[in-house]
Amino acid sequence: MPKNIKSITNPKLQLNILTPQEVEKIHSSTLWIIEKVGVRFPSKRALKIWADHGAEIDAEKMVVRAKPELIEKALKSCPPVYPLAARDPAQDLPLDGNHVFVGTDGCGVEVLDIQSGTRRTSCLQDVRDIARIADATEEIGFHWVPVSAQDRPPETRSLHEIQAIWENSTKHVQTESIYTEREARAAVEMAALLVGGKDKLRARPILSLMQCSASPLGHDGGSLDAALVAAEYGLPTGFMTMAANLTTGPATLAGNLAVGNAEVIAGAALIQLAFPGAPVFYAAAQTASDLRTGAYTGGGPEDFLYGAATNVLSDFYHIPLSMGSFATGAKEPNWQAGIENTLSTFMACISMSDMLLGVGLLHGSRIWSFSEMMMDCEIFSTIHKTLQGIVVDDETLALDTIAAVGSGGNFLTQKHTLKHMRDIFLPQFMDRRPYTEWETKKDDARDWALAKARKTLETHQPDPLDEGVRAEMARIIASLEKK
Amino acid sequence: MTEELFQKMAQSILDGDADVAVGLANQAVQAGVDPLDAITKGFVLGVNQVGENFAKGEAFLPELVMAGEAMKAAVAALEPEMQRRGTSRQVFGKVVLATVEGDIHEIGKSLVGTMLGASGFQVYDLGVDVPAAKIIAKVKEVDADLVGLSALLTTTMVKQKEVIDELDKLGLRKKVKVMVGGAPVTRDWVEKIEADGYSEDAIGAVGLAKKLVGVA
């Protein structure tokens with residue numbers, strides 16, 4: 001296990017969500033969509049790559065139609081296993097299909113202030129604070145940009161954000177907020193400073209880039225160009241579909257999976273055509289739109305099913321998955337948040353999604369809550385423990401101990417108990433106190449989670465970034481800012 | 001006979017069937033029915049019924065949108081006859097809609113357009129990635145009452161402010177109300193850029209638009 005990072009590995013529990021025949025059918029339907037309907041690639045560079053490989057281009061609409069053979073051949077060069085490198089190499093994350101790592105969610109626009117609790121516009125200091133707490137929290141394996149640094153200029157905001165995270169944590173950074181070629185090139189320069197040169201990034205990809213698709217069946221031009229820059233230097237990149245039933249996808253689950261799959265694998269194929277062997281990942285946060293408002297829901301049975309089914313698809317293509325789980329639609333840390341985040345994360349974990357995004361945001365990934373962040377971590381720990389299942393052997397059957405206690409009596413004084421008591425899960429935020437104690441204090445998980453976040457922020461000292469590196473990063477960013 | 005036609009018109013909207021609605025509109029024109037009557041005594045009753053069903057929780061967003069699309073198609077089919085007669089449909093106001101420059105996110109803005117159109121506004125939807133200058137030009141061209149600006153990214157949201165500043169500079173700010181929308185838009189942002197209002201969804205946008213033009 002990487003240093004100070006908890007991950008799910010070798011789970012005993014399993015779930016059958018799609019049969020091999022069903023996966024095959026979704027795959028062939030996806031290829032049909034890409035060939036007959038097409039996917040929009042509004043980037044000159046992307047369109048040229050597709051054209052050079054014989055795909056049919058509708059230049060006016062910037063829609064690409066590619067034969068199944070081209071897509072399947074391109075996807076063959078995706079590396080199935082690779083690491084996400086961290087500033088501290090002991091915290092590198094192996095994306096090998098046998099680890100589930102959790103990241104912070106992103107990219108929120110408001111924060112419930114850690115001291116006052118007031119809701120306000122997010123800023124760079126929030127990015128720093130969240131990164132610092134995540135650095136100390138073992139359930140968190142890597143970072144997304146958790147909230148938008150809205151006190152920094154739009155043209156370099158994404159770069160301030162990744163620098164702020166690197167300054168406060170040694171764990172891997174995956175950014176979802178770089179969607180221009182210019183910022184991607186600057187980010188490559190900044191990442192290179194941490195590993196001793198751009199040529200070292202391929203072996204130690206200290207940064208990865210996540211791009212949102214534009215459902216249905218489209219991509220954003222700036223995102224495509226940014227992803228191509230990342231791939232050029234061996235930084236892992238992935239396209240995330242958020243195709244949603246009713247609005248940006250069909251009302252049916254299978255159809256919505258096919259739409260999302262077409263976006264993601266067409267994007268991955270483009271990267272492979274341009275840079276064969278470049279590390280790519282599958283990314284998805286599919287959901288159902290609300291029947292009444294059309295709004296993003298961020299939870300519900302559809303999300304839970306997508307959470308498990310998507311890893312079956314990404315496994316079919318032998319590429320790691322970055323899966324949207326948590327990210328409740330609840331307005332505050334409450335009953336709804338607990339249900340949505342537990343079930344979405346359970347379903348994504350039991351199918352062994354490689355990366356989960358992520359902890360901390362409310363209201364459909366818009367409002368950051370430090371309480372929610374820590375409680376989401378506990379949800380992951382609970383699932384981590386649950387997936388270990390029940391071990392049945394002579395030691396765990398404990399027949400000698402059972403015989404020693406006999407009928408009546410108790411097991412508290414048994415050596416076997418002493419040996420195994422720490423196998424029992426000990427929650428941080430579940431209320432198991434006597435009723436009278438609760439009655440006096442009337443506090444709960446939200447208070448304890450917030451207290452833990454505050455204490456971590458006060459006390460945790462992350463391994464500092466080298467001063468020269470920090471200054472050079474600042475120089476790169478300044479050179480891009482409008483005077 | 002005409003009563004029956006009006007009923008069928010309302011039903012075509014309830015069914016969200018644009019083809020049937022257009023057919024009935026053409027039939028009405030041929031039969032010499034006043035297009036304004038076709039709208040107010042026929043099609044609009046369907047829109048109102050869907051709206052009521054929705055308010056009661058019995059109809060869902062797709063039904064509302066389909067009714068809106070059918071209504072739009074029916075009105076378009078009646079348009080030439082209205083022009084010939086020198087009449088026009090009374091509208092609550094003229095709205096210029098756009099997703100701001102640098103942003104390609106379309107669906108929320110288009111939903112708002114459909115809902116406003118179905119609710120009696122004249123909508124000019126400029127599409128996505130629209131520069132401020134183009135929005136302003138359209139506002140002046142059609143003498144708009146309202147501007148609706150959508151953005152999904154914190155980095156493009158700033159363009160909403162740019163449009164407002166530009167309207168201000170041209171002295172149009174008092175006359176033209178600005179409503180904004182998109183996932184990252186918050187009340188703080190609305191206050192900061194001095195927009196006239198925002199809504200978190202398309203249904204709310206209709207109420208807001210009516211309020212801003214003083215009909216609700």
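Attention now goes to the overall build of chain B. Along chain B, the regular secondary structure elements total 9 helices and 5 strands. Listed by position from the N terminus, the elements making up chain B come as α-α-α-α-β-α-β-α-β-α-β-α-β-α. Taking the principal axes of the C-alpha coordinates as reference, chain B spans close to 55 × 40 × 30 Å. Taking contacts inside chain B between residues at least 6 apart in sequence as the whole, the part at least 24 apart equals 72%.

Turning next to helix H11 (residues 370-386) of chain A. Its 17 residues place the ends of H11 of chain A 25 Å apart at the C-alpha level, agreeing with the 24 Å of an ideal helix rising 1.5 Å per residue. Among the 17 residues in H11 of chain A, 13 count as buried, and that is most of the element.

Right, let's get into the environment of Ala 66 of chain A. Residue and element names in this part refer to chain A. Inspection of the secondary structure puts Ala 66 in the loop between strand S3 (63-65) and helix H3 (68-75). In this structure Ala 66 comes out as buried when scored by C-beta crowding, with 23 C-beta atoms within 10 Å. Sequence separation between Ala 66 and His 53 is 13 residues; the distance between their C-alpha atoms is 9.2 Å. Excluding residues within four positions of it along the chain, Ala 66 makes contact with Ile 34, Glu 35, Trp 50, Ala 55 and Ile 71.

With 18 residues of chain A at the interface, the matching set in chain B holds 16 residues. Tallied by class, the residues present in the side of chain A that touches chain B amount to 6 nonpolar, 7 polar and 5 charged.

According to the domain assignment, chain A contains domain 1 (1-389 + 427-483) and domain 2 (394-423). The C-alpha-based centres of domain 1 of chain A and domain 2 of chain A are spaced at 44 Å.

Following the sequence through the fold, Ile 107 of chain B ends up in helix H5 (residues 107-118). With 14 residues separating them along the chain, Ile 107 of chain B and Gly 93 of chain B place their C-alpha atoms 22 Å apart. When residues no more than four places from it in sequence are discounted, the contact partners of Ile 107 of chain B are Thr 247 and Thr 248 of chain A.

In this structure, Ala 187 and Leu 270 of chain A are the most contacted members of the largest nonpolar core, which totals 144 residues. With 13 residues, helix H8 (residues 253-274) of chain A is the largest single contributor of residues to this core. Other than its neighbours up to four places away in sequence, Ala 187 of chain A contacts Leu 159, Ile 162, Ile 178 and Leu 207 of chain A. Met 71, Val 112, Val 163 and Ile 193 of chain B belong to the second-largest nonpolar core, a separate cluster that totals 74 residues.

So, on to unusual backbone geometry. Residues and elements named next belong to chain A. Gly 106 connects to Cys 107 through a cis peptide bond whose omega is -5°. Position of Cys 107 relative to the elements: it lies in the loop between strand S6 (101-104) and strand S7 (110-112). Along the chain, Ser 215 connects to Pro 216 via a cis peptide bond; the corresponding omega equals -5°. On the secondary structure map, Pro 216 appears in the loop between strand S11 (207-212) and helix H7 (221-232). The phi dihedral of Asn 10 is positive, around 45°, even though this residue is not glycine. Assignment of secondary structure puts Asn 10 in the segment before helix H1 (20-37). A positive phi angle, close to 55°, is found at Leu 217, a residue other than glycine. The exposure class assigned to Leu 217 is buried, which follows from the 22 C-beta atoms found within 10 Å.

Moving on, we come to the domain arrangement of chain B. Residues and elements named next belong to chain B. Along its sequence, chain B is carved into domain 1 (2-85) and domain 2 (93-212). In this structure, domain 1 and domain 2 have C-alpha centres spaced 27 Å apart. Between domain 1 and domain 2, the residue contacts involve 7 residues of the former and 5 residues of the latter. For the side of domain 1 that touches domain 2, the element with the highest residue contribution is helix H4 (residues 61-85), accounting for 6 residues.

All names here are of chain A. One way to put it is that H3 packs onto H8 with a least axis distance of 8 Å and a crossing angle of 65°. Taken together, the axes of H3 and H8 are roughly perpendicular relative to one another. Remark: the crossing between H3 and H8 carries left-handed chirality. Contacts between H3 and H8 pair Ile 71, Ala 74 and Leu 75 from the former with Ile 265, Ala 266, Ala 268, Ala 269, Gln 272 and Leu 273 from the latter. Here the residues of the contact of H3 with H8 are counted per class, giving 8 nonpolar, 1 polar and no charged.

About the thresholds
- Residues numbered from 1 in each chain as written.
- Chains lettered and ligands numbered in written order.
- Predicted model: local features only at pLDDT ≥ 70, side-chain atom pairs only at ≥ 80, totals over all residues.
- Helix = DSSP H or I, 4+ residues; strand = E, 2+ residues; numbered from the N terminus.
- Contact = placed C-beta atoms within 7 Å.
- Expected span 1.5 Å × (residues − 1).
- Buried ≥ 20, exposed ≤ 12 C-beta atoms within 10 Å, placed from the backbone.
- Nonpolar A, V, L, I, M, F, W, Y, C, P; charged D, E, K, R; others polar.
- Domains from an automatic or database assignment.
- Core = buried A, V, L, I, M, F, W, Y, C linked by C-beta atoms within 7 Å.
- Axes fitted to C-alpha atoms, helices over the stretch in contact; angles between N-to-C directions.
- Parallel < 35°, antiparallel > 145°, perpendicular 65-115°, else oblique.
- Left-handed = near helix turned anticlockwise from the far one by under 90°.

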